[in-house]
Amino acid sequence: MFNQSAVRVRAGTRTDRGGNTVPDWAPGAVTRLTVSGLNIQPASQSEAADEQRTAVVTGYKVQSAPGTDPDVRAADRIEWAGRLYEVQGEVGRWPQLFSDTVHHVEFVMDRATG
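The structure displayed is predicted, hence computed values, not measured ones. (Residues numbered from 1 in each chain as written. Predicted model: local features only at pLDDT ≥ 70, side-chain atom pairs only at ≥ 80, totals over all residues. Heavy atoms only, no water.)

Novice: When you look at the overall build of the protein chain in this model, what are you seeing that I'm missing?
Specialist: When helices and strands are tallied, the protein chain shows 0 helices and 8 strands. Listing the helices and strands of the protein chain from first to last along the sequence gives β-β-β-β-β-β-β-β. Taken along its principal axes, the extent of the C-alpha atoms in the protein chain is 50 × 40 × 25 Å. Buried residues in the protein chain amount to 28% of all 114 residues. For the protein chain, the accessible surface area stands at approximately 7500 Å², while carbon and sulfur atoms represent 49% of it. Looking at the protein chain, you have 12 positive and 14 negative side-chain charges, and the mean spots of the two groups are 5 Å apart. (Helix = DSSP H or I, 4+ residues; strand = E, 2+ residues; numbered from the N terminus. Buried < 20%, exposed > 50% of the residue type's maximum accessible area, 1.4 Å probe, protein only. Areas by Shrake-Rupley, 256 points an atom, 1.4 Å probe, with all protein chains shown as cover. Lys, Arg positive; Asp, Glu negative; His and termini not counted. Charge placed at Lys NZ, Arg CZ, Asp CG, Glu CD.)

These figures capture arrangement, not role.
Dropping the structure here:
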């Protein structure tokens, strides 16, 4: 059930013209980490059409294997099945029963096209 892998892509940082530290998604600035032991399942699909375009949003629920705590954050992106997804919302870290350690991690990722 936890036989899938994905690549976590995390932005580097840079300083903008105003002196603020901002995310840097340039290819040389990002870090990548292969995360295995995942179960990735379809979660949602929506489509909205107007005169200019048809927008499609596809979402997946991702759960890590029991006993794992992959390094994934809300601001990260995920490369999976040849596509780039954004992590939506906070990453849930579920605790072990009667312990403060992590049992598994869950998050939603989605991709908008159109």
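Still to come is the rest of the account.
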